[in-house]
Every structure is written in structure tokens, then in C-alpha cells.
Amino acid sequence: MIDDDGYFGESVAATYDESSAAMFAPGAVEPAVAVLAELAGEGRALELGVGTGRIALPLARRGVEVHGIDLSRAMADRLRAKPGGEAVGVTIGDFATARAPGTFSVGYLVFNTIMNLTTQDAQVDCFRNVAAHLEPGGAFVVEVMVPQLRKLPPGQNTVPFHVGADRLGFDTYDLATQAMASHHVKVEDGRGSFRSIPFRYVWPAELDLMARLAGMRLRERWADWSRAPFTSESETHVSVWEKLAD
């Protein structure tokens with residue numbers, strides 16, 4: 001962690017929406033919001049790692065009461081400054097342990113955010129924390145990549161995810177620890193910048209066990225928000241676990 005805002009301080013928050021523009025496009029946002037609104041029903045929604053409100057704000061516009069947890073005050077400030085931002089409550093803290101007021105029909109983590117927790121223990125704590133917030137029968141939804149180890153040639157540990165004239169992005173993997181890091185190189189006005197963010201990649205079956213430890217069971221797993229079937233060729237998954245009755 002590089003400061004009180006973690007790896008998403010002011011310098012990242014200031015350009016986050018632009019740097020992730022593809023994820024803010026209607027085609028990326030609307031299918032996710034539709035699924036989450038359906039799962040929320042008449043209840044409340046809890047977003048872990050709410051960020052600048054990419055999902056929370058359109059979900060709130062559908063009439064769902066949304067509360068977020070985020071470590072980064074800089075990101076939360078961007079959310080509050082947007083139209084409708086005042087409708088989304090935000091608890092500042094580590095979403096693996098921080099408690100939000102009340103109970104919820106659905107909790108969710110999108111866009112690989114579960115991997116921001118860089119130890120298995122922290123990921124397990126996150127599942128337990130969400131379960132403590134959920135009403136019986138409530139749902140926990142995670143959207144996350146399937147680890148891209150099949151793209152690693154023998155003897156290499158790096159997979160590029162963006163190669164452009166002014167930006168380079170690549171992931172590095174440690175197969176022994178499930179640690180990975182995303183590295184971003186940017187050239188602007190002849191000046192280069194570099195930042196690196198650590199993650200922990202996690203397998204679908206591993207997440208199912210974490211859910212079981214937290215008193216939840218798998219309800220659905222799809223390849224994406226369109227509910228396409230999850231197969232051995234899927235590069236992402238959207239998984240829904242249900243909190244069991246006490």
C-alpha cells in the first residue's frame with residue numbers, strides 16, 4: 001500500500017474513468033446493472049470497492065439503494081461529485097473487514113476487484129464480511145478473470161494486456177504464490193510514467209470453497225453478465241453465491 005488511499009490515490013483517481021473508458025461504456029455497464037438490479041429486488045445493494053461509481057450510480061438510478069465500501073477517499077470523492085452521487089452512501093475502509101450499516105439483499109465485487117486483496121486470508125475474510133452483511137437468501141456476486149496461465153510460454157512469467165503507441169500494460173505472475181502484478185507504462189508529452197499494482201489471482205473452485213467457509217453456496221456461474229455458459233475456454237466468470245439460512 002503506497003498511502004492511506006492504497007494504490008488508488010489522487011493521481012489514479014483523477015484519470016481513472018478515462019483510463020478505464022471501455023469499462024464505462026453502456027455495453028459493459030448495462031448488463032451488469034441489469035443482473036444486480038434483479039438480484040437486489042426490493043432490497044439494498046452493497047458494492048465492495050465502489051470506486052468512482054461506475055456500477056453503483058446507474059444501479060441507484062434504477063431505484064436500488066446502494067451503499068459502497070472503498071479504501072480510497074480520492075475515488076469516493078469522485079463518486080460524490082457526480083450527478084446522483086449523494087444517493088450512494090460510502091464507508092471508507094478495507095472491504096475485507098469494514099462494516100456498512102444495515103443489511104443487504106445483494107453484495108457484489110466487479111472488474112477483478114477481489115484480486116486487490118493480495119492474500120488468501122484476506123479474500124476469505126471478504127467472503128465472511130459480505131455474508132455478515134447479507135440477509136438470509138441474499139446473493140454475493142463476483143466478476144473476475146480466470147487466471148491467464150495458459151498464455152504463459154514455458155519459462156516466462158509475463159502476459160501483455162495492452163500495447164499501444166503511448167501506453168504499455170503487462171501482467172507478471174508468480175505461480176508458486178498466486179501473486180501477480182499489473183504494470184502500466186505511459187508516455188505523455190515525451191515523459192514516461194510507471195505504476196505497478198499487486199494482486200492475487202484466484203480460481204473459481206477456490207472461490208467456491210471461500211463461499212462455503214462463509215456459509216454460502218454457489219447458485220449460478222456464467223462466462224459474463226449476459227449469462228453465457230461458463231466453459232473451459234472462458235476468460236472471465238460472473239459467479240453468484242447464496243447465503244444459507246441460519
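Residues numbered from 1 in each chain as written. Predicted model: local features only at pLDDT ≥ 70, side-chain atom pairs only at ≥ 80, totals over all residues. Heavy atoms only, no water.

### Details of the sheet that holds strand E7 (residues 167–174)
1) Next: Sheet architecture is open: 4 strands sit in the order E6-E7-E8-E9, paired in antiparallel fashion. Since the sheet does not close on itself, it has two edges, and those belong to strand E6 (158–163) and strand E9 (191–200), each with one partner. Between one strand and the next, the sheet's axes are offset by a mean angle of 15 degrees, whatever the strand orientation.
2) Next: Alignment of strand E8 (residues 179–188) against E9, held across 10 bridges, turns out to be antiparallel. Across the sheet, residue Met 180 finds its bridge partner in E9, namely Phe 199. (Pairing = 2+ DSSP bridges. Helix = DSSP H or I, 4+ residues; strand = E, 2+ residues; numbered from the N terminus. Axes fitted to C-alpha atoms, helices over the stretch in contact; angles between N-to-C directions.)

### Observations concerning the pairing of E8
1) Next: With 8 bridges connecting them, E7 and E8 associate as antiparallel partners. Note that in E8 the partner of Tyr 173 across the bridge is Met 180.
2) Next: Linking E8 to E9, which pair antiparallel, is a turn of 2 residues; within it Asp 189 sits at a positive phi near 55 degrees.

### Focus: the nonpolar core
1) Next: If you look at the biggest cluster of nonpolar residues, it comprises 37 residues, and the most contacted ones within it are Ile 114, Cys 126, Phe 127, Phe 140 and Met 216.
2) Next: Contributing elements (two or more residues each) for this core: strand E1 (44–48), strand E4 (104–109), helix H7 (120–133), strand E5 (134–145), E9 and helix H8 (204–213).
3) Next: Top element by residues in this core is H7. It accounts for 6 residues.
4) Next: Residues Ala 32, Val 35, Leu 57 and Leu 59 belong to the second largest nonpolar core, which totals 28 residues. (Core = buried A, V, L, I, M, F, W, Y, C linked by side-chain atoms within 4.5 Å. Buried < 20%, exposed > 50% of the residue type's maximum accessible area, 1.4 Å probe, protein only.)

### Some details on the environment of Pro 83
1) Next: Mapped onto the fold, Pro 83 is located in the loop between helix H6 (73–81) and strand E3 (89–92).
2) Next: The exposure class of Pro 83 is exposed, given its relative accessible area of 72%.
3) Next: Residues Pro 83 and Leu 57, 26 residues apart in the sequence, show an inter-C-alpha distance of 8.5 Å.
4) Next: The contacts of Pro 83, once residues within four sequence positions are left out, are Leu 57 and Arg 61. (Contact = heavy atoms within 4.5 Å.)

### Some details on the pairing of strand E11 (residues 236–243)
1) Next: The buried fraction of E11 amounts to 6 of the 8 residues, a majority that puts the element mostly inside the structure.
2) Next: Direction of pairing for strand E10 (residues 216–222) relative to E11: antiparallel, over a ladder of 6 bridges. Each residue of the ladder has a partner; that of Glu 220, found in E11, is Val 240.

### Things to note about the packing of aromatic side chains
1) Next: Evaluated as defined, the whole model comprises 7 aromatic pairs.
2) Next: Ring plane angle 40 degrees and centroid distance 6.0 Å describe the contact between Phe 140 and Trp 241, whose orientation is recorded as tilted. Of this pair, Phe 140 sits in strand E5 while Trp 241 sits in strand E11, placing them 101 residues apart in sequence. Side by side, Phe 140 and Trp 241 carry an identical accessibility label, which is buried.
3) Next: Measuring from centroid to centroid gives 6.0 Å for Tyr 201 and Trp 203, while their planes differ by 90 degrees, and the two rings are edge-to-face.
4) Next: Given the relative accessible area of 2%, Tyr 201 is considered buried.
5) Next: A relative accessible area of 32% places Trp 203 in the partly exposed class. (Phe/Tyr/Trp six-rings, centres within 6.5 Å; stacked < 30°, edge-to-face > 60°.)

### What to know about the side chain of His 67
1) Next: Relative to the elements of secondary structure, His 67 occurs in strand E2 (residues 65–70).
2) Next: Residues contacting His 67, with those up to four places away along its chain left out, are Arg 44, Ala 45, Leu 46, Glu 47, Gly 89, Val 90, Thr 91, Ala 100, Pro 101 and Phe 104.

### Section: the sheet that holds E1
1) Next: Sheet architecture is open: 7 strands sit in the order E3-E2-E1-E4-E5-E11-E10, paired in mixed fashion. The open sheet has two edge strands with one neighbour each: E3 and E10. Within this sheet the neighbouring strands show an average axis-to-axis angle of 20 degrees, counted without direction.
2) Next: As judged from the 4 bridges shared by E2 and E3, these two strands associate in the parallel manner. Within E3, the position partnered with Asp 70 by the bridge is Ile 92.
3) Next: Sitting on the sheet, helix H4 (residues 26–40) is in contact with E4, E5, E10 and E11, with an inclination near 155 degrees to E4.

### With respect to unusual backbone geometry
The phi angle of most residues is negative, glycine excepted, and most peptide bonds adopt the trans form.
1) Next: Phi at Phe 111 is positive, roughly 55 degrees, even though this residue is not glycine.
2) Next: By secondary structure assignment, the location of Phe 111 is in the loop between E4 and H7.
3) Next: The class for Phe 111 is partly exposed, based on a relative accessible area of 30%.
4) Next: Backbone geometry at Asn 112 places phi at a positive 70 degrees, although glycine is not the residue there.
5) Next: Tracing the backbone through its elements, the reader meets Asn 112 in the loop between E4 and H7.
6) Next: Its relative accessible area of 22% is what places Asn 112 among the partly exposed residues.

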